[in-house]
Amino acid sequence: MAQTVRELRATGRVAAIDLRWERAPWEPPVDHYAVYAARGRAPETEPGALAGKTVYPHFTHGVLGPEAVTWHYRVVTVLASGERGRAAGASATTVASYATGRPLVAVGSFDHKGLEFALAPNGNARYLTAFPAGVDYRDGVSRPETDWPYLHPGPADQWAGRRAHRFTLRFELDAAPVADPGFALWMTDTHATIPGRGVLAVNGRKITTLTFEGGATKGSLEGDATRPNTPLVPSSVELPLPADVFRAGENLLTLEKTEGSWHAYDAIGVFARE
Amino acid sequence: MDASAPVPIPPARPRRRSFLRIAGVSSAALLSGVGAPGTAEAGYTGERVPGDYPFRLGVASGDPAEDGFVLWTRLAPEPLAADGHGGMPPAPFDVRWEVAEDEGFRRVVRRGSARATPELAHAVHPRVRGLRPGRPYFYRFAAGDHISPAGRVRTTAARGTTPGAFTFATASCQAWYQGWFGAYRHLVADDPEMVFFLGDYIYEYAITADRLWRRGADPGAGHDRETVTLEEYRVRYSLFKSDPDLQAAHAATAFVVTPDDHEVQNNYGADTSRYGTPPEDFALRRAVAYRALYENTPLPEAALPAGGPDARLHRRLTVGDLASFHVLDTRQYRDPGAPGGDILGPDQERWLLDGLRRSGARWNLLAQQVAVMRVGDDRVDQWDGFPAARQRLLDTFADPAVANPVVLTGDTHRAIAGELRADFADPDSPVVGTELVTSSIASDGDGAETDEQAAEWTRHPWVRFYHARRGYTLCRLTPDGLTADYRSVPYVEADAGAPVSTVARFVTEAGRPGPERVG
């Protein structure tokens, strides 16, 4: 008899909800766990509500967008015999992204796709030719499709010269913000085993060193994480920035990849929190 | 062979549970689809086998011994059914089998039944015993009113005898989506007594339009995701096994299958994924992948994981006193963290090295996956990544107690012949063995006679041949020598009709290690 999934927990974060449960015993053998999802009500355990299948005792329901949304889940154990256990249920709400605020600057759309960027979806071999001195992007003048590449390489990337790469984003503010703005960096994918680290700075002042989550190492080849059966593993970094590092006039936000390999951009921006 | 031969298999009869106990049939044997040789066990449900024909994945035999072999089939009237169950309902069915001395099944010498259960995707693996050594047999299955195609298999020569010759082939790497399996047509015509399949029976990758080089093929929906769940691996096997030339090869001769990495995931080792999956998760994926491998190939029962993610895949086969084949598993026990690296794990390595010294056979052949010979320091997925383990193997090859060691290798999608040196760091060290790397059946598409990887291999004096088209290796073993014909097809992407040619012939003489080109 297939067991009911035990200890099912759902946790929301920006644009995704993580589900975890207790692994079933080795016997009887499990084929997979089927995860069903719906908004506004508990899902039916039928193909139309299937969010995914996994052999692992966890599942990330991703690409849920920047707004805070509540999802309901049912998870079913499917045995090697095809027998199905009774469904267990859980619910969670995503955390609203800073990207829902008023943009002070943004490059790309926070839509789980990186197809609007230069060299996308798989032109990283031309990176050194197109961006020999890194990226220096001026808001209102530069354009994503020519001036911001879809991949940000790191020192582990032979195709990018095995060195650190700094991306600079220049933007104008009429006045320094009163409250701390929010920084949002969304990625369609990262390297699986060496996603690396990067230094985030504003106007020359280091804010923090970002540690990237491991992805699927597929984002160098394709850039749409909303495609059904996508192998991409999106991730995000969001944090408040101190208001006092900003100034009226030109501001510079820099992200320098100092360790590891590439990340693939979905969008990057700074937002006033409203 | 005629699937509608004149002697029908008798219908199954329901048996009582008490008979099973008397017959010594364990529940484990039933659950693994092994059944009881020579008996007709319970399992008949009275339910009609669905669909118009349940043997669409063909038949197979494997791991021949002097008194028998493993038989295999899987009931699948709809092989590509998305749930991985091949169109079968969630109920057990009797599958009857018979083994005959003649193609017309007039002289049936063994007959039995095995239970096909949904737990194993209705695959059965009856182990037939009690046969005579060194002779051909014919077999077939029946389920309900349906009779399978017939297959052919030879028992091996008896220990204590030395056959004058033994013919076998090596094959590997059959990426269905990158080419047709026409090479198998020629392999069947070459009539080897056994095929050693050296890994990458399936590939786990998502089959997307840019990967689909098999012209005119349309796998249908649902294959554009990397296989992770059991149902996905099951469907992937069904897709690959739908190839008629692969089915014909299985029906024509016994396969001795050992997996490489792509039966689970590219370049994995033990419980480590190179794509960052945590070990405790990866073990779950490996368990379902090994299960699907067992369900879809004529492997012995020990290859079925039970109670965890592990499967016993290394084993030994003998052909009289002529040859001992040591079939290796260079994936499951890897430990790159061991001093100098460990590719076999301590238990398997001890089993191998002791077995080499004690085999008593004229020839000792290793059927395994990745190149043993030195190629380059960045080839960490091959034995180059495990130099201490390689040296222990080469030291054993140099032991006079080990007769005529030969390594049979797959993985590279290239046909390569090389010498195994006692110490690859010393160019003057003696040759202690031969390595014959077989090309792929279809992986990497058409290929070319040479390619961008050639220089990395051929810069070494121990590499005697390199060829980058698809094909297989046909070997003829006698007490005096091993002749290896590198059989190659000029294309695989357009269709399965490419002609075959022998692009090189190497002989390794007994007592004189190393391949010598003779053609």
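Residues numbered from 1 in each chain as written. Chains lettered and ligands numbered in written order. Predicted model: local features only at pLDDT ≥ 70, side-chain atom pairs only at ≥ 80, totals over all residues. Heavy atoms only, no water.

Novice: Even after reading the chapter, I still don't get the sheet that holds strand β2 (residues 16-20) of chain A, so can you show me in this structure?
Specialist: The strands that make up a sheet pair up through hydrogen bonds in the backbone, lying either parallel or antiparallel. All names here are of chain A. Here 3 strands make up an open sheet; going across it, the order is β1-β2-β5 and the pairing antiparallel. Of all the strands in the sheet, just β1 (9-13) and β5 (58-61) have a single pairing partner and so form its edges. Pairs of neighbouring strands in the sheet enclose a mean axial angle of 15°, with direction left out of account. (Pairing = 2+ DSSP bridges. Helix = DSSP H or I, 4+ residues; strand = E, 2+ residues; numbered from the N terminus. Axes fitted to C-alpha atoms, helices over the stretch in contact; angles between N-to-C directions.)

Novice: Explain the packing of helix α7 (residues 346-358) of chain B against helix α8 (residues 387-397) of chain B to me, please; I cannot follow it from the model alone.
Specialist: A pair of packed helices can be characterised by two numbers: the angle between their axes and the separation between those axes. All names here are of chain B. Orientation of α7 relative to α8, taken along the N-to-C sense of each, is 15°, at an axis distance of 10 Å. The orientation of α7 relative to α8 falls into the category roughly parallel. In the crossing of α7 with α8, the sense of the turn from one axis to the other is right-handed. In this structure, α7 uses Glu349, Leu352, Leu353, Leu356 and Arg357 to contact α8, whose residues at the interface are Ala389, Arg392, Leu393, Thr396 and Phe397. Here the residues of the contact of α7 with α8 sort into 6 nonpolar, 1 polar and 3 charged. (Parallel < 35°, antiparallel > 145°, perpendicular 65-115°, else oblique. Left-handed = near helix turned anticlockwise from the far one by under 90°. Contact = heavy atoms within 4.5 Å. Nonpolar A, V, L, I, M, F, W, Y, C, P; charged D, E, K, R; others polar.)

Novice: Whenever I open this one, the pairing of strand β14 (residues 323-327) of chain B confuses me. Can you help?
Specialist: Along any regular strand, the residues point their side chains to alternate faces of the sheet. All names here are of chain B. With respect to burial, β14 is a largely interior element, 5 of its 5 residues being buried. By the alternation rule, side chains of β14 split into Ala323, Phe325 and Val327 and Ser324 and His326, which are all buried. Connecting strand β13 (residues 315-319) to the antiparallel partner β14 that follows it, the hairpin turn spans 3 residues, and Gly320 within it adopts a positive phi of roughly 55°. Summarising the sheet, β14 and strand β15 (residues 363-367) pair through 5 bridges and their orientation is parallel. In the strand pairing of β15, Ala323 is matched with Trp363. Once you follow β14 into α7 and on to β15, the crossover reads as right-handed. (Buried < 20%, exposed > 50% of the residue type's maximum accessible area, 1.4 Å probe, protein only. Right-handed = clockwise from strand over helix to strand, strands pointing away.)

Novice: Please explain the domain arrangement of chain B as it appears in this structure.
Specialist: Much of the literature gives interface size as the accessible area that the parts lose upon coming together. Residue and element names in this part refer to chain B. According to the domain assignment, chain B contains domain 1 (17-152) and domain 2 (166-517). The straight-line distance from the C-alpha centre of domain 1 to that of domain 2 is 28 Å. Counting from both sides, the interface comprises 33 residues of domain 1 and, opposite them, 30 residues of domain 2. Around 2,400 Å² of area is buried between domain 1 and domain 2 when both sides are counted, 52% of it from carbon and sulfur atoms. Among the residues domain 1 hides against domain 2, the three largest losses belong to Asp63, Leu80 and Arg152. Together they make up 23% of the total. (Domains from an automatic or database assignment. Buried area = accessible area lost by both parts, 1.4 Å probe.)

Novice: Which parts of the structure should I look at to understand empty space enclosed by the protein?
Specialist: Empty pockets left among the atoms are what a rolling probe the size of a water molecule brings to light. Applying the stated criterion to the full structure yields 4 cavities of 30 Å³ or more. For the largest cavity, the lining is made up of 17 residues, of which Trp26, Pro29 and Val30 of chain A together with Ala287 and Val288 of chain B are closest to its centre. For the lining of the largest cavity, the secondary-structure elements that each account for two or more residues are β3 (30-38) of chain A together with α6 (279-296) of chain B. Among the elements that make up the lining of the largest cavity, the one with the highest residue count is α6 of chain B (4 residues). Considered class by class, the residues forming the lining of the largest cavity number 12 nonpolar, 2 polar and 3 charged. Taken as a whole, the second largest cavity spans an internal volume of roughly 50 Å³. Together, Gln3, Thr4, Val5, Arg6, Glu22, Arg23, Ala24, Tyr33 and Thr77 of chain A line the second largest cavity. (1 Å grid on protein atoms, 1.4 Å probe; cavity = no way out; pocket = protein on both sides within 12 Å on 5 of 7 lines; lining within 4 Å. Points joined across faces, edges and corners; volume = space filled by probe spheres on them.)

Novice: Mind showing me how you'd approach a negative patch on the surface here?
Specialist: Together, Asp395, Asp423, Asp426 and Asp428 of chain B give the surface a local cluster of negative charge. Its relative accessible area of 32% is what places Asp426 of chain B among the partly exposed residues. (Patch = residues over 30% accessible without salt bridge, like charges linked within 9 Å, V, L, I, M, F, W, Y side chains within 5 Å. Areas by Shrake-Rupley, 256 points an atom, 1.4 Å probe, with all protein chains shown as cover. Salt bridge = Lys/Arg side-chain N within 4 Å of Asp/Glu carboxyl O. Lys, Arg positive; Asp, Glu negative; His and termini not counted. Charge placed at Lys NZ, Arg CZ, Asp CG, Glu CD.)

Novice: Is there a simple way to think about the packing of aromatic side chains in this case?
Specialist: The description of two aromatic rings rests on the distance between their centres and on the angle between their planes. All names here are of chain B. Going through the model one piece at a time under the given rule, you end up with 31 aromatic pairs over all chains. Plain terms: the ring middles of Phe69 and Tyr137 are 6.2 Å apart, the flat faces sit at 55° to each other, and that makes the pair tilted. Here the residue Phe69 occupies a position in strand β2 (residues 69-74), and Tyr137 occupies one in strand β7 (residues 136-143), the gap between them amounting to 68 residues. The exposure class of Phe69 is buried, given its relative accessible area of 0%. Tyr137 sits in the buried class, given a relative accessible area of 1%. (Phe/Tyr/Trp six-rings, centres within 6.5 Å; stacked < 30°, edge-to-face > 60°.)

Novice: Where do I start with α7 of chain B in this structure?
Specialist: Because an α-helix packs 3.6 residues into every turn, residues spaced three or four apart end up facing the same way. All names here are of chain B. Across its 13 residues, α7 extends 18 Å between first and last C-alpha, which sits within 8% of the 18 Å expected from 1.5 Å per residue. Summarising the contacts, the buried residues of α7 are in contact with β13, β14, β15 and α8. Looking one or two residues beyond α7, the residue adopting positive phi is Gly360, at roughly 70°. (Expected span 1.5 Å × (residues − 1).)

Novice: Quick question: what am I supposed to make of the nonpolar core here?
Specialist: Generally speaking, nonpolar side chains in soluble globular proteins are found buried as a group. All names here are of chain B. Ranked by internal contacts, the top residues of the largest apolar core, which has 53 residues, are Phe168, Phe325 and Leu365. Shared between two domains, this core takes at least three residues from each, and those domains are domain 1 (17-152) and domain 2 (166-517). Among the nonpolar cores identified, the runner-up in size contains 51 residues, and Ala183, Tyr201, Tyr237 and Leu304 belong to it. (Core = buried A, V, L, I, M, F, W, Y, C linked by side-chain atoms within 4.5 Å.)

Novice: Is there a simple way to explain the side chain of Arg170 of chain A in this structure?
Specialist: Residues and elements named next belong to chain A. Structurally, Arg170 can be placed in strand β11 (residues 165-173). Looking at Arg170, its side chain comes within polar contact range of the side chain of Asp136, at 2.6 Å. Among the polar contacts listed, one links the side chain of Arg170 to the side chain of Glu250, at a separation of 3.4 Å. With sequence-adjacent residues up to four places away left out, Arg170 is seen in contact with Asp136, Tyr137, Arg138, Asp139, Glu250, Asn251 and Leu252. (Polar contact = N/O pair within 3.5 Å; in protein donor to acceptor, adjacent residues only side chain to side chain.)

Novice: Explanation requested: the interface of chain A and chain B in the structure shown.
Specialist: With 23 residues of chain A at the interface, the matching set in chain B holds 29 residues. Together chain A and chain B conceal approximately 2,000 Å² of surface at their shared face, both sides included; 56% is due to carbon and sulfur atoms. Across the chain A-chain B interface, the total number found is 2 salt bridges. The salt bridge involving Asp31 of chain A is made with Arg234 of chain B; its shortest N-O contact spans 4.0 Å. Our count for the contact surface shared by chain A and chain B stands at 9 residue pairs in polar contact (both at pLDDT 80 or more). At 3 residues, β3 of chain A tops the list of elements feeding residues into the side of chain A that touches chain B. For the side of chain A that touches chain B, a count of residues per class yields 9 nonpolar, 8 polar and 6 charged.

Novice: In this structure, what is going on with the sheet that holds strand β9 (residues 135-138) of chain A? I would like to understand it.
Specialist: Residues and elements named next belong to chain A. A sheet is described by the order of its strands in space; here 5 strands give the open sequence β9-β11-β16-β13-β14, paired in mixed fashion. Single-partner strands in this sheet number two, and they are β9 and β14 (205-211). Strand-to-strand, the axes of this sheet are offset by a mean angle of 20°, without reference to chain direction. Inspection of the sheet shows strand β13 (residues 197-202) paired to β14 by 6 bridges, in the antiparallel sense. Across the sheet, the residue bridging to Arg197 is Thr211, located in β14.

Novice: Explanation requested: the confidence of the model for chain B in the structure shown.
Specialist: Reading predicted coordinates in detail is not appropriate for stretches of low pLDDT. Residue and element names in this part refer to chain B. For chain B, per-residue confidence averages 92 on the pLDDT scale, and 91% of positions sit at 70 or higher. A low-confidence stretch, residues 10-27 (pLDDT under 50), is modelled with 20 contacts involving residues beyond four sequence positions or located in other chains. Counting interchain partners and residues more than four positions distant, the pLDDT-below-50 stretch residues 36-44 has 35 contacts. Interface confidence for the predicted complex, given as ipTM, is 0.91, next to a pTM of 0.92. (pLDDT = per-residue confidence, 0-100.)

Novice: I tried to follow the pattern of salt bridges on my own but got confused; where do I start?
Specialist: Counted under the stated rule, the structure contains 46 salt bridges over all chains. When the shortest N-O distance is used, the salt bridge between Arg152 of chain B and Asp191 of chain B registers 3.0 Å. Taken together, the residues span a long stretch of sequence, with Arg152 of chain B in strand β9 (residues 151-154) and Asp191 of chain B in the loop between α3 (183-190) and β11 (194-197) at a distance of 39 residues. In this structure, the salt-bridge partner of Glu232 of chain B is Arg225 of chain B, at a minimum N-O distance of 2.5 Å. Within the structure, one salt-bridge network assembled from shared partners comprises Asp31 of chain A together with Arg234, Arg291 and Glu295 of chain B.

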